[in-house]
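# Working through the structure, step by step
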Amino acid sequence: MGGEQQLACACAAAVLAAALALCWFINAAWVSPAAARRRLRREGLDGPRPSFPLGNLAEMAAAAATTTTTTTSKTMMISSDIHAALFPYFARWRQAFGKVFVYWLGTQPFLYVAEPEFLKAATAGGKGKLWGKPDVFRRDRMPMFGRGLVMAEGEEWARHRNIIAPAFSATNLKAMMGLMQESTAKMLAEWDAMASSSDSSSVIVDVEKAVVRNAAEIIGRASFGLTTTTTTADDEDGDGVLVFRKLQAMQAMLFGQSNRLVGVPLARQLLHLRSTYQAWRLGREIDALLIHIIEDARRRQGQSSSSSKQHDHDLLSLLLAAGASDDDRRRLMSTRELVDECKTFFFGGHETTALAVSWTLLMLAAHPEWQEALREEVLAELREEEVLDDAAALGRLTKMGWVMNEVLRLYPPSPNVQRQALQDVEVVTKTKKTTMTVPRGTNMWVDVVAMHHDKALWGDDANEFRPERFASKGQHPFNKAAHFLPFGFGSRICVGRNLTAMEYRVVLAMVLRRFRLEVPPQYRHAPRIMLSLRPSNGIHLRLTPLISH
Ligand code: HEM
């Protein structure tokens, strides 16, 4: 073949490849979503009209831009009526389409669900297996969670869940109480020092910032035995500090921007190329540090040194121990799997718990009668500060349990749960008499904030802080209710929820013993969504020491 013929062949191949790529793109971005929309409408599932290629993203951005979430404590009580401020577009569409409708993120259909009965009918029992995690988020979250438990599917998920769940047993959690106390004591000592060096007897502190740092320290030690605050040159501790800095940087990079054009074809590749690459690079650096930590832990395994004893109950050592016996090789996790689980514990575990504690401190400052009631309970049940490692006594803090539930209801740190139908899912609801099929590939967006604030489900006082509503479980069997979902639902319910409950009680009991909390006049209440439900400007509270040291 002559040179010209070769060139012509190469050009023809390039044109053919470009034509095929274009056909693929048109099908993926336009033909297939249009067909999906027709099918959804046939099933009676409709919603705001999408446009190509943004779907409803433009409308969502415009609604968010014209909504303010800020209220001041000076001019009004702190309002927990937050749903319409956080999700103005959902609030608007709900009025038009009800509590179940379809909206579009780019070319991806999302079934919005704020109707507990529908959710139950779509996911309860064996139907749980018909739903996986949405592909569209999987790619975005890969650098954070890898294929860890949050993102794993099918057999792989079941195997991981079986290995991981026992690590959160009551005995193992009890062994973590000491480190929770130690770390929290450091935080309180800092607050004490700030108060004693201030002109007045009290001090204004951004409690959210401090509590997040404390929770990061706790989860770091509980997960892989590392501390985030040490400054020693010791290799292992140095790794810990670096891992935390990098993990936090990655989170800010991935979710700091509010508008990532999720679901828009090629947006990730073209518009977010830089941040995607940076997150990927950070991910690789974090993995390298974690591999070093895991190899150290493997080496320590079997040693009876004091360093190995000290790590006995961290989650990483427990996972290594689970696979150590020769008769159960299925429980052996590879280094890659362990890296992903360590990242998952960090991202899934510290900020969520810290937010639960931080919103509680705010609510208790705003509701002094509850602050006093909890303080009395703590002083009655835990007479001496040292006995805070008594898990049974912590379990007797009944009112604190109500308060925790009420705060998780009003300010759920995980404001939504997402799924994607792995097959066609038939949904039959009894009271609404609905029968429909949710087509395979449809994503589901469960609006937890909407359900938690719904007056039809909770009564006219749904937006008020009234922990006593959790007192009578008979009247409201919330644990089984499909409208109280702070930790998710079904078989994928949060594996770390008992760790959170323990940390919550330890931290809160220690704070209440030592400080009185008040909301200063300059406090601005501005909850917002950055993956989790968090305060925009921190939570600055006035703290007054109750006892001198
Ligand atoms: C207030 C604290 C917490 C909240 C609000 C929370 C919320 C949630 C929610 C809503 C889910 C379900 C996600 C889904 O179905 O897609 C979940 C799952 C999970 N959480 Fe938590 N979580 C908290 C604390 C923790 C802690 C302390 C850890 C670990 C140290 C943790 C680790 C996980 C893991 C690994 C999963 C995945 C479970 C699975 O898919 O089998 N979480 N969490």
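Our subject is the structure listed above.
A brief look at the structure comes next. Here the structure is a predicted model, which means the values were calculated and not measured. (Residues numbered from 1 in each chain as written. Predicted model: local features only at pLDDT ≥ 70, side-chain atom pairs only at ≥ 80, totals over all residues. Heavy atoms only, no water.)

Bringing the pairing of strand 6 (residues 416-421) into the picture now. Here strand 6 lies mainly inside the structure; 6 of its 6 residues are buried. Inspection of the sheet shows strand 6 paired to strand 9 (residues 443-447) by 5 bridges, in the antiparallel sense. In the sheet register, Gln418 faces strand 9, and the bridge partner there is Trp445. (Buried < 20%, exposed > 50% of the residue type's maximum accessible area, 1.4 Å probe, protein only. Helix = DSSP H or I, 4+ residues; strand = E, 2+ residues; numbered from the N terminus. Pairing = 2+ DSSP bridges.)

Between its first and last C-alpha atoms helix 1 (residues 3-42) spans 56 Å; for 40 residues at 1.5 Å apiece the expected length is 58 Å, and the two agree. At Asn27, helix 1 shows its maximal bend, which comes to roughly 45 degrees. By the burial criterion, the buried members of helix 1 are Ala29, Pro33, Arg37 and Leu40. Along its buried surface, helix 1 packs onto strand 2 (100-105) and strand 3 (108-113). Note on helix 1: the residue one or two positions beyond its end, Gly44, has a positive phi of about 85 degrees. (Expected span 1.5 Å × (residues − 1). Bend = angle between axes of the 7 residues up to and from the residue. Contact = heavy atoms within 4.5 Å.)

Moving on, we get to the coordination of the iron atom of the ligand. Of all protein atoms, just one serves as a donor to the iron atom of the ligand, and that atom is Cys494 (SG), at 2.3 Å. Position of Cys494 among the secondary structure elements: in the loop between helix 21 (455-458) and helix 22 (497-514). (Donors = N, O, S within 2.8 Å, 3.2 Å for Na, K, Ca; no water.)

Most of helix 5 (residues 116-123) is tucked away: 6 of the 8 residues are buried. Listing the buried residues of helix 5 in full gives Pro116, Phe118, Leu119, Ala121, Ala122 and Thr123. Directly beyond the C-terminal end of helix 5, a positive phi value near 60 degrees is found at Gly125.

Side chains of a nonpolar character, in soluble globular proteins, are inclined to be buried together. Within the largest apolar cluster, 131 residues are counted, with the highest numbers of intra-cluster contacts made by Phe90, Tyr103, Trp191, Leu316, Leu361, Met400 and Leu543. Not counting chain neighbours up to four residues away, the residues in contact with Tyr103 comprise Pro48, Asn56, Met60, Phe90, Trp93, Gln108, Pro109, Phe110, Tyr112 and Trp445. (Core = buried A, V, L, I, M, F, W, Y, C linked by side-chain atoms within 4.5 Å.)

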